[in-house]
Amino acid sequence: GQNIDQPTEMTATEGAIVQINCTYQTSGFNGLFWYQQHAGEAPTFLSYNVLDGLEEKGRFSSFLSRSKGYSYLLLKELQMKDSASYLCAVREISGGYNKLIFGAGTRLAVHP
Amino acid sequence: GAVVSQHPSWVICKSGTSVKIECRSLDFQATTMFWYRQFPKQSLMLMATSNEGSKATYEQGVEKDKFLINHASLTLSTLTVTSAHPEDSSFYICSARGTDGGAFFGQGTRLTVV
């Protein structure tokens, strides 16, 4: 089974930095993904971590610690368009194939 | 990049009828596709895993006789909601597994049952 926890809502100011945390408990861990989802749209891929450490991609960075079952998504130089839900998803091997299981998502509101 | 096309984008149907949703991988072969359902302000809930040429694997609590999944080819999976009821109204999203194990999502289908 799996258990993925992330904060329900966060607010931040335009131009600031925000960190969204995700903790997970799962068997057969095989990678962690972050997705962005705007209301009424499908999720879009942001980042992928399978080894411990920090992955940087422009204004977005993601960190993983497998021993702690912990990841965070760091958003820098926040823009109004970054207001969205951010989904932490864990890939696990189950029954011989990979499944991608999503957390409940964190709704981020960016204010001027 | 990989493209997954989902059709229709939205559909309104009468209670008791069936609705078919198609998910196609346009530029790659997807041996595995996943079907998710998302209620308002909630996250994506995995419904089932669709494996090409074999029966779908359903998550606990998902009625396989109600949500029929077919994956007849490497580029097409379909989800049919049978005898739809208003409580089935939701956002249904398919995804195809990419080479890194991540997911490429379709655009989603908003189903409203009246």
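Residues numbered from 1 in each chain as written. Chains lettered and ligands numbered in written order. Predicted model: local features only at pLDDT ≥ 70, side-chain atom pairs only at ≥ 80, totals over all residues. Heavy atoms only, no water.

A. Representation of the overall build of chain B. Looking only at helices and strands, chain B has zero helices and 11 strands in total. Along the chain direction, N to C, the helices and strands of chain B fall in the order β-β-β-β-β-β-β-β-β-β-β. Taken over C-alpha atoms, the radius of gyration comes to 13 Å for chain B, in line with the 13 Å a tight globule of 114 residues would show. Its C-alpha atoms give chain B principal-axis dimensions of about 40 × 25 × 20 Å. (Helix = DSSP H or I, 4+ residues; strand = E, 2+ residues; numbered from the N terminus. Rg over C-alpha atoms; globule rule 2.2 N^0.38 Å.)

B. View of the overall build of chain A. When its secondary structure is counted, chain A shows zero helices and 11 strands. The N-to-C order of helical and strand elements in chain A reads β-β-β-β-β-β-β-β-β-β-β. Against the 2.2 N^0.38 benchmark of 13 Å for 112 residues, chain A shows a C-alpha radius of gyration of 14 Å, consistent with a compact globule. Dimensions along the principal axes, computed over C-alpha positions, put chain A at roughly 45 × 30 × 20 Å. The buried share of chain A, reckoned over its 112 residues, is 48%. In chain A, 56% of the contacts between residues at least 6 apart in sequence involve partners at least 24 apart. (Buried < 20%, exposed > 50% of the residue type's maximum accessible area, 1.4 Å probe, protein only. Contact = heavy atoms within 4.5 Å.)

C. Representation of the environment of Trp35(B) in the model. All names here are of chain B. Note on placement: Trp 35 falls in strand β4 (residues 32–38). A sequence separation of 23 residues divides Trp 35 from Tyr 58, and the C-alpha atoms of the two residues are 9.6 Å apart. For Trp 35, the side chain forms a polar contact with the side chain of Ser 77, separated by 3.0 Å. (Polar contact = N/O pair within 3.5 Å; in protein donor to acceptor, adjacent residues only side chain to side chain.)

D. Spatial organisation of the side chain of Ser62(A). Residues and elements named next belong to chain A. Mapped onto the elements of the fold, Ser 62 is located in strand β7 (residues 60–65). Given a relative accessible area of 0%, Ser 62 falls into the buried group. One polar contact links Ser 62 to Ser 47, side chain to side chain, over a distance of 3.1 Å. Within the local environment of Ser 62, its side chain forms a polar contact with the side chain of Asn 49, the two groups lying 2.5 Å apart. Not counting residues within four places of it along the chain, the set of residues in contact with Ser 62 comprises Trp 34, Ser 47, Asn 49, Gly 53, Leu 54, Glu 55, Tyr 72 and Leu 73.

E. View of the interface of chain B and chain A. Every contact between the two is made by 22 residues of chain B and, on the other side, 20 residues of chain A. In this assembly, chain B packs against chain A so that about 1,500 Å² is buried in total across both faces, 55% of it on carbon and sulfur atoms. For the pair chain B and chain A, the number of links is zero salt bridges. Counting the contacts that link chain B with chain A gives three residue pairs in polar contact (both at pLDDT 80 or more). In terms of residue class, the side of chain B that touches chain A is made up of eight nonpolar, nine polar and five charged. (Buried area = accessible area lost by both parts, 1.4 Å probe. Salt bridge = Lys/Arg side-chain N within 4 Å of Asp/Glu carboxyl O. Nonpolar A, V, L, I, M, F, W, Y, C, P; charged D, E, K, R; others polar.)

F. Spotlight on the state of the cysteines. Residue and element names in this part refer to chain A. All chains considered together, the criterion is met by two disulfides over all chains. Across the disulfide, Cys 22 is cross-linked to Cys 88 (sulfur-sulfur distance 2.0 Å). Judged by the sign of its S-S torsion, about -70°, the bond between Cys 22 and Cys 88 is left-handed. Of this pair, Cys 22 sits in strand β3 (residues 18–26) while Cys 88 sits in strand β9 (residues 84–94), and the two are 66 residues apart along the sequence. Residue class for Cys 22 comes out buried when judged on its relative accessible area of 0%. (Disulfide = S-S within 2.5 Å.)

G. How the structure looks around the sheet that holds strand β3 (residues 19–25) of chain B. Residues and elements named next belong to chain B. One open sheet holds the four strands; their spatial order is β1-β3-β8-β7, and the pairing between them is antiparallel. Strand pairing shows two members of the sheet lacking a second neighbour, β1 (4–7) and β7 (67–73), which therefore form its edges. Taking the axes of each pair of neighbouring strands and ignoring which way they run, one obtains an average angle of 15° across the sheet. Bridge count between β3 and strand β8 (residues 76–81): six bridges; the pairing is antiparallel. For Lys 20, the partnering residue across the bridge sits in β8 and is Thr 80. (Pairing = 2+ DSSP bridges. Axes fitted to C-alpha atoms, helices over the stretch in contact; angles between N-to-C directions.)

H. Just the layout of surface pockets, in detail. The calculated volume of the largest pocket comes to roughly 350 Å³. Every residue lining the largest pocket is counted, 19 residues in all, and those nearest its centre are Ala39(A), Gly40(A), Gln38(B), Lys41(B) and Gln42(B). Residue composition of the lining of the largest pocket, by class: seven nonpolar, eight polar and four charged. (1 Å grid on protein atoms, 1.4 Å probe; cavity = no way out; pocket = protein on both sides within 12 Å on 5 of 7 lines; lining within 4 Å. Points joined across faces, edges and corners; volume = space filled by probe spheres on them.)

Remember, this is a structural readout, not a statement about activity or role.
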